[in-house]
Amino acid sequence: MSATPTAERLSLLVGLLVLMLATVPRYLAGGHENRLSLITIALLVIAAVAVMNWRMLDADERGRLPRLGKRLCVSLVVGLGGMGLWHALFTAWISWQLLIAHGATLGLLLYAVWLWWRPAE
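Given the structure is predicted, the values throughout are model-derived calculations rather than measurements.

Student: How should the pattern of salt bridges be read in this particular structure?
Tutor: Pairs can form between side chains of opposite charge whenever their charged atoms are close. The final tally for this structure, using the stated rule, is 2 salt bridges. Put simply, Glu8 and Arg64 hold a salt bridge, and the shortest N to O gap is 2.0 Å. Residue Glu8 is found in helix α1 (residues 7–30), and its partner Arg64 is found in helix α3 (residues 59–90); the two are separated by 56 residues along the sequence. By relative accessible area, which is 23% here, Arg64 ends up partly exposed. Arg64 is the partner of Glu61 in a salt bridge, and the nearest nitrogen-oxygen pair spans 2.9 Å. Separated by 3 residues within a single helix, Glu61 and Arg64 lie in helix α3, roughly one turn from each other. Relative accessible area serves as the criterion here: at 17%, Glu61 is assigned to the buried category.

The rules behind each value
Residues numbered from 1 in each chain as written. Predicted model: local features only at pLDDT ≥ 70, side-chain atom pairs only at ≥ 80, totals over all residues. Heavy atoms only, no water. Salt bridge = Lys/Arg side-chain N within 4 Å of Asp/Glu carboxyl O. Helix = DSSP H or I, 4+ residues; strand = E, 2+ residues; numbered from the N terminus. Buried < 20%, exposed > 50% of the residue type's maximum accessible area, 1.4 Å probe, protein only.

Remember that the coordinates give geometry; whether it matters functionally is a separate question.
What follows is the structure, given as structure tokens:
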């Protein structure tokens, strides 16, 4: 198993870190200390993997990261807007903590599909 590090993988790891950080207020507000501890440990592990991936990237791949970062940000904003619209139309008001957690989840899913669904070269 010799997978080479790519800018896409690193950007997905960063998106996963953002998603996990977006869940922290939800766990703080709900008093879920055990889940908060587990998410903190997972954050540290994924951050370490992201740093190792960054160090193994070539210069060409590092040059592609700013564009992928912008796409990730757009996806996260669209995900937040999409979940805000969904909850406004179909559910009773939920907390802002749950809204950002759901929005970040949808945004990361949209970003992963965006990366996966590319035209053939």
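After that view of the structure, there is still more to cover.
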